[in-house]
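# Architecture and fold: a report
Given next are the chains, with one letter for each unit.
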Amino acid sequence: MTMQVKDVMGLVAIAVHPETTFAELVATMHRFNVGAVAVIDAENRPIGVVSEDDLLLKEIDAPAGGGLFESHRRRQEHDRAIGTTAGQLMNRPALTVTRDTPLREAARLMHTRRIKQLPVIDAASGKIAGTVHQADLLKVFGRPAADILADMTEAVAGLGLNPEKLTITVDDCVVRVGGRLARRSQIAALVEAGRRVEGVAEVEADIAYDRDDLLRSPSISF
């Protein structure tokens, strides 16, 4: 089972319009206790995002100097820092996900771009449909152990292994697997498959094997 954004997202779309003032942005973030808000156009499509970091540019006096890229970045920050509306302060384009985006993909996007929330859009219209936060993504670790066990059993079978010849337990998001396999390489494949199961924090394998197919044969020189 691959969990998607729609399984955990908030249905309240936290968004403002380009003409929203600086003070209104601060008030909105405080009211909804969020670190960023989407900026939407007249058709409710996200066109950018304003974060607390963007607002804090007002307080930063960046020193001059640096390379060409650094100077360009600072000019962009300066232009946004002197803005007074959401349209002037926002980062664009808006990074978005859809309801059907896998949670792992949403989590990867948040991590790589260092953001804490993402606007969720309708795939057909492009209009904002909600918001997904980092805390929402952590809900996956609240899955019932029985559901995780069922998915883990299916993952084992998908590797061509017989789950009935292994002992599989789930406790506090940790999967423990015991038993015996034909080849040593099958252990790593099983662990990797288990880590891909939604709601699994770690896989611990206490498995014996009949043949070490990872052991290199010594080379013979003549």
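Below is a short write-up of the structure. (Residues numbered from 1 in each chain as written. Predicted model: local features only at pLDDT ≥ 70, side-chain atom pairs only at ≥ 80, totals over all residues. Heavy atoms only, no water.)

A cis amide bond, omega -5°, links Arg-92 with the succeeding residue Pro-93. Position of Pro-93 relative to the elements: it lies in the loop between α4 (86-89) and β4 (97-98). Phi at Cys-173 takes a positive value of approximately 70°, unusual for a residue other than glycine. Its place among the elements puts Cys-173 in the loop between β7 (166-171) and β8 (174-183). (Helix = DSSP H or I, 4+ residues; strand = E, 2+ residues; numbered from the N terminus.)

So, about the sheet that holds strand β1 (residues 15-16). A sheet is described by the order of its strands in space; here three strands give the open sequence β1-β2-β3, paired in mixed fashion. Looking at the sheet topology across the chains shown, the edges are occupied by β1 and β3 (46-51). Pairing geometry for β1 and strand β2 (residues 36-40), over two bridges, is parallel. Among the inter-strand pairings, Ala-15 is bridged to a residue of β2, identified as Ala-38. Most of the contacts of helix α1 (residues 22-32) go to β2, to which it runs at about 125°, and overall it touches β1, β2 and β3. (Pairing = 2+ DSSP bridges. Contact = heavy atoms within 4.5 Å. Axes fitted to C-alpha atoms, helices over the stretch in contact; angles between N-to-C directions.)

Function cannot be read off these values alone, since they describe shape.
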